[in-house]
Amino acid sequence: MPHRANVMICTCTNCISNGSLQIKEALEKEISKHKLEDDIQVVPTGASGLCVKGPILVVQPDGIFYQKLKTKDIPHLVEEHLLKGRPVESLMYVSPGEKTPIPELREIPFFKDQRLIALRNRGMIDPDKIEEYIARDGYKALAKVLTSMAPEAVIEEIKTSGLRGRGGAGFSTGRKWESRRKMQDDMKYIICNADEGDPGAFMDRSIIEADPHSVLEGMAIGAYAIGASYGYVYVRIEYPLAIERMELAVEQAREYGLLGKNIFDTGFDFDVEIFKGAGAFVCGETTALVASIESKPPEPRQRPPRTALWGKPTVINNVETWANVPAIINWGAKWFAEIGTEKSKGTKVFSLAGNVNNAGLVEVPMGITLKEIVYDIGGGIPHGKKLKAVQTGGPSGGFIPERLLDLPVDYERLQEAGAIMGSGGMVVVDEDTCMVDVAKYFIEFGVDESCGKCTACREGSDVMLQILTRICAGEGQEGDIELLEELGQAVIDASLCGLGQSLPNPVLSAIRHFRDEYEAHIRDKHCPAGVCKPLFQFKIDEEKCTGCGLCRKHCGHGAIQGESKSPHTIIADKCTKCGACYDVCTFNAVTKVANSVMEAAVSH
Amino acid sequence: MPKLKPGDLDKVAGKVKRTMLMREGSGRSKVIVHMGTCGIAAGARPVMKALMDEMESRDVKDVLLTISSCAGLCSREPMVTVEMEGKPAVKYVDMTPEKAKEVFVKHVLGGEMIKEYALAAGSERTF
């Protein structure tokens, strides 16, 4: 018998690591204690999106959203809300800077301004139950194409929709399919690229964890369109939960005859295999991915010829692209093409991370401005700090400075600004971030993940890292900026694959928009953001210091001295610049003073 | 498990349709059982159980059955509010499982309010 209420508990990887499985257990225990088993059902779901507030649960049909739950909150919550119908205010979401909680999920700005297509089932279904996917129009699109559309008509529909690859390059999905359709061969392949590897990006993982069947259905439709009968889901082994849910989804789809031979009695055969990648970033590049499935060293190769698994025509699309396909077939290309901008149609999923209040997974219509994403959905910057830049596209992407925040999200516009759409990583950086240091972080990632085949990428990235390290240490020289620019361009020009061709982007875009910060490091040995430790010292402002002694107690190196109730001082020789004193001082008396300023004061 | 044919999708969907509609918070009408301490003490839980049974046995899919807290008139609990689309909400008082079933059949399914059980039509002003 259906229950009167469903408690949708987020069991994505993020929420599980925050303890959502313990919450689920506590809920079930309390529900049985109040003998509410027939009334209330606890449903595990994929990511709801507001990952930073996890563990999260939503009580339906009321749509009440609870966040940051602890097991000790559960007895009260079950008794009050589930038994007596009184939602618990103290566990609800409160907007940054506000006091009144917002009870309903749909009223919370983070959710209100999103538009869900790829994530249409998130938080609504149990990903382990194919029946729930089917009840939300699942596999209807597959039935429609198999029973009433010619493969060419499917391709035409996808072309008309304007869908472009969501993995980063943004190539027209319909055109990609069309070219493979035209190739004559006894075997063709469909691949889902789930080798997501950008630091801070988790779009693909979340889609598979929340709604694996949407990806499988999209792949089956693609297979029918190009004439393929076999497919691979290439997912990295570092995503165990996504693998587990995808495996179960494949099993269930086979049981229902939605994968396998003679699907829907139409004579169409399609089956998939899950291929677990070892987690090398370069395997997201299609030629390397295919080499990996073929058990060859995963190194990219020159294109053309086109990427072809076992030498056969192959379509590789990203997880999010596949998840969009059934929705386009169900609701029409025209509907999809009305969302977005002239050349970028539909929505894009971003994983919003960094210095932003509502970090999480967001799906927004193309053409929305970065400002809307960061401030309206993301809830702005924590601690009232100023925004400095938004980094899109991960290690292949670039920084967009605060002054360009009205930029609409669109493949072309992002590229013009020196960034890329990428697969959807979006890292917000505030005024306390050093643009040399953060560029160094991305280059370090590139150095680690470069496969080493091309000298320019392998050695070039390493030299770029050495230069950046030097600049951060206060040993930058005149000409370093120009050298970085020249090297970066050389790496782009002389690398075979997308990884090398985009790896210098974070550095080049940081120089383009924040050149003065690089110059300050090199010429004045000054880090304006106060991040590069060799370039500043901590000092206690005697006028502000009340002598409370908090900094002295927190200093792990005995580097602070002073009598109670009289100003303290820092012993420079003992100070390791750990920043503990800076963080604990409630009077803003601990300050960072640039070396150059200190030296000037001493010589004065 | 037999292999699905295109027409079978709706049958599979039908089995969980009511649960999905409930999660979406959508329905033709809404039936609210007031479950404050007073309501529970006066017998709101058997009333709820009766309504759930009725939904199940009649295979009703488009009605939302939910709870809320004390409606303020504790002496007349258990209370049930029926909200039909486009009409003022009706509050029923002194409910029993039998009366609740009658309300469900006549009002929620049939559209006819049962005057003798009703306290009033409409909700209090909140501002």
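Residues numbered from 1 in each chain as written. Chains lettered and ligands numbered in written order. Predicted model: local features only at pLDDT ≥ 70, side-chain atom pairs only at ≥ 80, totals over all residues. Heavy atoms only, no water.

Here we come to the overall build of chain A. In terms of regular secondary structure, chain A is built from 24 helices and 20 strands. For chain A, the C-alpha radius of gyration of 27 Å lies close to 25 Å, the compact-globule estimate for 604 residues. Sorting the 604 residues of chain A into buried and exposed places 60% on the buried side. Taking as baseline every contact in chain A between residues at least 6 positions apart, the subset at least 24 positions apart corresponds to 70%. Accessible surface computed for chain A: about 23,800 Å², of which carbon and sulfur atoms make up 49%. Counting 68 positive and 83 negative side-chain charges, chain A places the centres of these two groups 1 Å from one another. (Helix = DSSP H or I, 4+ residues; strand = E, 2+ residues; numbered from the N terminus. Rg over C-alpha atoms; globule rule 2.2 N^0.38 Å. Buried < 20%, exposed > 50% of the residue type's maximum accessible area, 1.4 Å probe, protein only. Contact = heavy atoms within 4.5 Å. Areas by Shrake-Rupley, 256 points an atom, 1.4 Å probe, with all protein chains shown as cover. Lys, Arg positive; Asp, Glu negative; His and termini not counted. Charge placed at Lys NZ, Arg CZ, Asp CG, Glu CD.)

Residue and element names in this part refer to chain A. Between helix α10 (residues 212–226) and helix α13 (residues 319–331), the least distance of the axes is 7 Å, while the angle of their chain directions is 75°. The angle between the axes of α10 and α13 places the two elements in the roughly perpendicular class. Contacts from Ser214, Val215, Glu217, Gly218, Met219, Ile221 and Gly222 of α10 reach α13 at Val319, Trp322, Ala323, Val325, Pro326 and Ile329. Taken together, the residues of the contact of α10 with α13 break down into 9 nonpolar, 3 polar and 1 charged. (Axes fitted to C-alpha atoms, helices over the stretch in contact; angles between N-to-C directions. Parallel < 35°, antiparallel > 145°, perpendicular 65-115°, else oblique. Nonpolar A, V, L, I, M, F, W, Y, C, P; charged D, E, K, R; others polar.)

Here we come to the pattern of salt bridges. Note on pairing: side chains with opposite charge can pair once their charged atoms come close. Residue and element names in this part refer to chain B. Counted by the stated rule, this structure contains 44 salt bridges over all chains. Glu54 is paired through a salt bridge with Arg58; the nearest N and O atoms lie 2.7 Å apart. By relative accessible area, Arg58 is classed as partly exposed at 43%. Of the charged contacts in the structure, one is a salt bridge between Glu102 and Lys106, with a shortest N-O distance of 3.3 Å. (Salt bridge = Lys/Arg side-chain N within 4 Å of Asp/Glu carboxyl O.)

Once that is clear, we can look at the sheet that holds strand β13 (residues 360–365) of chain A. Residues and elements named next belong to chain A. If you trace the 5 strands from one edge of the open sheet to the other, you get β13-β12-β16-β14-β15, paired in mixed fashion. Each end of this open sheet is capped by a strand with a single partner; those strands are β13 and β15 (398–401). With strand direction ignored, the average angle separating the axes of adjacent strands in the sheet is 30°. Direction of pairing for strand β12 (residues 347–354) relative to strand β16 (residues 425–430): parallel, over a ladder of 4 bridges. Among the inter-strand pairings, Gly354 is bridged to a residue of β16, identified as Val428. (Pairing = 2+ DSSP bridges.)

Attention now goes to the domain arrangement of chain A. Residue and element names in this part refer to chain A. Domain boundaries in chain A define domain 1 (5–106), domain 2 (130–337), domain 3 (347–430), domain 4 (435–523) and domain 5 (536–603). Distance from the C-alpha centre of domain 3 to the C-alpha centre of domain 4: 22 Å. Tallying the contact residues gives 15 residues for domain 3 and 14 residues for domain 4. Interface area, domain 3 with domain 4, both sides summed: about 1,200 Å², of which 64% is carbon and sulfur. Applying the counting rule to domain 3 against domain 4 returns 1 salt bridge. The shortest N-O distance in the salt bridge between Glu517 and Lys388 comes to 2.7 Å. Among the secondary structure elements, those contributing two or more residues to the side of domain 3 that touches domain 4 are β14 (387–392) and β15. Among the residues making up the side of domain 3 that touches domain 4, the classes are represented as 6 nonpolar, 6 polar and 3 charged. (Domains from an automatic or database assignment. Buried area = accessible area lost by both parts, 1.4 Å probe.)

Attention shifts here to the sheet that holds strand β7 (residues 189–194) of chain A. Residues and elements named next belong to chain A. One open sheet accounts for 5 strands, arranged β9-β10-β8-β7-β11; its pairing is mixed. Taken across any chain shown, the strands that pair with only one partner, and hence form the sheet edges, are β9 (260–263) and β11 (314–318). Adjacent strand axes in the sheet meet at a mean angle of 25°, parallel and antiparallel pairs treated alike. With 5 bridges connecting them, β7 and β11 associate as parallel partners. Its bridge partner lying in β11, Tyr189 is registered against Thr314. Against the sheet, helix α11 (residues 240–255) makes contact with β8 (230–236) and β10 (268–277), and its axis sits at roughly 165° relative to β10, the strand it touches most.

Two faces belong to every sheet, and in a regular strand the side chains alternate between them. Of all 6 residues that make up strand β1 (residues 5–10) of chain A, 6 are buried, and the element is covered over most of its length. Burial of β1(A) is two-sided: the residues A:Ala5, A:Val7 and A:Ile9 facing one way and the residues A:Asn6, A:Met8 and A:Cys10 facing the other way are all buried.

A few words now on the interface of chain A and chain B. At the interface, 46 residues of chain A touch 34 residues of chain B. Linking chain A to chain B there are 4 salt bridges. Put simply, A:Arg136 and B:Glu24 hold a salt bridge, and the shortest N to O gap is 2.8 Å. At the junction of chain A and chain B, the tally comes to 13 residue pairs in polar contact (both at pLDDT 80 or more). (Polar contact = N/O pair within 3.5 Å; in protein donor to acceptor, adjacent residues only side chain to side chain.)

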